[in-house]
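Read off the chains here:
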Amino acid sequence: MAFSGGVKLGDLDDFIGLSQECVKPLIQAADGAKAQLQSVSEAKAVPVSEAPQVQQPNLIKTKQSSSDPKAQIGQVSLSDCLACSGCVTSAETVLLQEQSGEEFLKRVQAARLTVVSISAEARTSLAAYTKESPLMCMRKAAEGLRRLGAAYVLDASAAEAVALLEGKAEFIQRFKATSGGSSGSRKGRLPLLTSHCPGWTLYAEKVVDPSVLPHLSPIRPPQIVQGRLVKTCLLEAHNRRQLHRRWRASNPLFALQSQLESRFRKPEASWEPVKPSEVYHVFVQPCYDRKIEAARPSFEVPGEPGIKEVDTVLTASELLTLLRESGEDCCGGCGKSACEKTEPSNLPPCPPHSEVLTDLFLGNLQARRPAPLLCAVQGNAGSGGFLEHVFREAARELFSIDLSASPLSLQKKQNEDMREVLLKDPKTQKVLLRFTAAYGFRNIQNVIRRIGKVNGDALGDFVEIMACPGGCLNGGGQIAEKADEGEKSQAARRQRLESLEQLLLETCVPPAEHPLVLPIYHYIATQVSAPQGPLNSLVGSEAARGWLSADWRSLKVDSEGKDVMSSAVLKW
């Protein structure tokens, strides 16, 4: 699976529909038939036999077929997925059946506390579908999810702001280290490659040369930042709220008011603080690869082995199906998956001051903030805004050049998904910074080949890599618009993404000015027993970095660094 001169990549995305046969059957049955895939639960029950070391990855495990003793049935687990558009298997829906709407409906009934986070890209897709504002869309989604059993519905802007700040701090540190002559050190590895796309990080770990890994930003993706905060910060706020309410209920001065409030809440006979293992955290995202990211063993709650920070990831299209199921007055006999009476636009909006639609500190979205929904960047926000934010901040901090007055002008390079922006010295026109946006797997080969070059063909200083052509707004889990079905032209895609980008941009507040960012950093400082202080002393600090770090490791080499691969090595 390593890149070579003969590899030709087409216009790929991160998801291929359900199929029961492998695209690349590495293990054949006795009669030459293709290996068949089974479910995840069955695959987990099958022990993985030790495999000899080979030069090419053998990702498919086998078991004997019950119907044919001579046949072998291929088994692929979620951890084996390369997130590379079906090179191993096109049956991603089989592999991810435990990350589905059905799983949500089952687990939400058993969990003591269910929290749903909705990304800006998924919210935008739903808003475009319903032809409503993003805020109204969030309010109706919160009401629908409340009916299904969710206690809180959050947006992810605060976690995204934290990830942007740490990403900027990482780049500044590396750039200064490189300028100081220590380009060979890990901190000085440029270009810095973003790590917030799970399709890219999985591919980098399992396919590309290990020398690429030090270029990845060692910062947790926003989804995992949010997941850790939900099962620590939000959980503590929830337990404090419940304890306070029990105290009020037992106090005669507040007895009548507590009785009135309890009419709208589910009572608990003997309340105990909710544990991280009892929190069911669901994240709505624009792509299917986020499901694989949530399944990584390294993304677990501190001090709680085996407890995932994000339990289930749903796509925008899966959220749409759930919201339809939460509607009322469906005829029940229409024979369709949903009728007009169950469209999300018919749901009543959740009150903006409701406890359901809240933030990581369980605050009111209308209080102490310029708008309920916030955006951290003023342009190029469709894939997280890392290039936009880091470029502007690096120009200001490193060269004292203020770019706040004008939008960034990204110039098209080889194709629509390869763009570049330059920072030039106003006097000499010397290039000071070169940032690149590379979207889609067909551009990943170009990025990898150019890593480490120092001539004019170099990538520059920073690369925002996304597996999906067009970025996150064009993720495989977004809701397909009927008008665009069958329309594959670049012009049509560009127009659709531009309209989604405009819809995505809410009230713009720089990451450092987000009302939750400083409280989040203070909370992190208390968790690692570090002193609190002003924001500029906390961003990029060792205390924050340790709590927000991610460890990317190559799975192409063994523990001794030998360039070999086996099925055991590929297992996380």
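Notes on the structure in this doc start here. Remember, it's a predicted structure, so these values are computed and weren't measured experimentally.

1. Things to note about the overall build of the protein
Moving on, step 1. Helices and strands together make up the secondary structure of the protein, namely 18 helices and 14 strands.
Moving on, step 2. In the protein, which comprises 572 residues, the proportion classed as buried is 55%.
Moving on, step 3. Look at the contacts in the protein between residues 6 or more apart in sequence, and 73% of them connect residues 24 or more apart.
Moving on, step 4. Accessible surface, the protein as shown: approximately 25400 Å² in total, 51% of it carbon and sulfur.

2. Here we look at unusual backbone geometry
Moving on, step 1. Residue P191 is reached from L190 by a cis peptide bond, and omega for that bond is 5°.
Moving on, step 2. Note that P191 resides in the loop between α6 (157-179) and β5 (192-193).
Moving on, step 3. Here Q429, not a glycine, exhibits a phi torsion of approximately 65°, which is positive.
Moving on, step 4. Position of Q429 relative to the elements: it lies in the loop between β11 (418-424) and β12 (431-439).
Moving on, step 5. Within the chain, S529 stands out as a residue other than glycine whose phi angle is a positive 55°.

3. Regarding helix α7 (residues 198-206)
Moving on, step 1. With respect to burial, α7 is a largely interior element, nine of its nine residues being buried.
Moving on, step 2. Along α7, the residues classified as buried are P198, G199, W200, T201, L202, Y203, A204, E205 and K206.

4. Comments concerning the side chain of E132
Moving on, step 1. With respect to the secondary-structure elements, E132 resides in the loop between α4 (120-130) and α5 (134-148).
Moving on, step 2. Apart from the residues within four sequence positions on either side, E132 is in contact with A127, K140 and S345.

5. Some words on the packing of α4 against α5
Two numbers describe a pair of packed helices, the interaxial angle and the distance between the axes.
Moving on, step 1. Here α4 crosses α5 at 95°, and the two axes come no closer than 9 Å. With respect to each other, α4 and α5 are oriented roughly perpendicular. On α5, the residues that touch R123, L126 and A127 of α4 are P134, C137, M138 and A141.
Moving on, step 2. Residues that form the contact of α4 with α5 fall into these classes: six nonpolar, no polar and one charged.

6. Some words on the sheet that holds strand β3 (residues 113-118)
Moving on, step 1. In space, the five strands of this open sheet follow the order β7-β6-β3-β4-β8, with parallel pairing throughout. Bordering the open sheet on either side are β7 (312-315) and β8 (357-358), each of which pairs with just one other strand.
Moving on, step 2. Where strand β6 (residues 279-285) meets β7, four bridges bridge the pair, whose relative direction is parallel. Among the inter-strand pairings, Q285 is bridged to a residue of β7, identified as T315.
Moving on, step 3. Of the strands in this sheet, β3, β6 and β7 touch helix α3 (residues 101-110), which is tilted by about 155° from β6.
Moving on, step 4. Running over the sheet, α5 touches β3, β4 (152-155) and β8 and is turned about 150° from β4.

7. Topic: the packing of aromatic side chains
Moving on, step 1. What the rule picks out here adds up to ten aromatic pairs.
Moving on, step 2. Note on F175 and F399: the rings are 6.0 Å apart at their centroids and 80° apart in plane angle, and the pair reads as edge-to-face. Of this pair, F175 sits in helix α6 while F399 sits in helix α12 (residues 386-399); the two residues are 224 residues apart in sequence, bridging distant segments of the chain.
Moving on, step 3. Overall, F175 belongs to the buried group, its relative accessible area being 13%.
Moving on, step 4. Assessed through its relative accessible area of 26%, F399 is described here as partly exposed.
Moving on, step 5. Among the aromatic residues, those joined into a ring-pair cluster are F171, F175, F391, F399, F435 and F462.
Moving on, step 6. One residue, R228, lies across the ring of W547, its end atom 5.3 Å from the ring centre.

8. Examining the pairing of β12
Moving on, step 1. Within β12, seven of the nine residues are buried, which leaves it mostly tucked inside the rest of the structure.
Moving on, step 2. Taken together, the seven bridges between β11 and β12 define a ladder with antiparallel strand orientation. In the sheet register, E420 faces β12, and the bridge partner there is T436.
Moving on, step 3. In the sheet, β12 pairs with strand β13 (residues 462-466) via five bridges, with the strands oriented parallel. Paired with A438 across the bridge in β13 is I465.

9. Notes on the environment of R107
Moving on, step 1. Its location among the elements puts R107 in helix α3.
Moving on, step 2. Considering only alpha carbons, one finds R107 and Y280, 173 residues apart in sequence, at a separation of 7.5 Å.
Moving on, step 3. For R107, the contacting residues outside a window of four places in its chain are Y280, D311 and T312.

10. Thoughts on the pairing of β13
Moving on, step 1. In terms of residue burial, β13 counts as a mostly covered element, since five of its five residues are buried.
Moving on, step 2. Across two bridges, β5 lies against β13 in parallel orientation. What sits directly across from L192, in β13, is F462.

So, how was this worked out
- Residues numbered from 1 in each chain as written.
- Predicted model: local features only at pLDDT ≥ 70, side-chain atom pairs only at ≥ 80, totals over all residues.
- Heavy atoms only, no water.
- Helix = DSSP H or I, 4+ residues; strand = E, 2+ residues; numbered from the N terminus.
- Buried < 20%, exposed > 50% of the residue type's maximum accessible area, 1.4 Å probe, protein only.
- Contact = heavy atoms within 4.5 Å.
- Areas by Shrake-Rupley, 256 points an atom, 1.4 Å probe, with all protein chains shown as cover.
- Axes fitted to C-alpha atoms, helices over the stretch in contact; angles between N-to-C directions.
- Parallel < 35°, antiparallel > 145°, perpendicular 65-115°, else oblique.
- Nonpolar A, V, L, I, M, F, W, Y, C, P; charged D, E, K, R; others polar.
- Pairing = 2+ DSSP bridges.
- Phe/Tyr/Trp six-rings, centres within 6.5 Å; stacked < 30°, edge-to-face > 60°.
- Lys NZ or Arg CZ within 6 Å of the ring centre and 35° of its normal.

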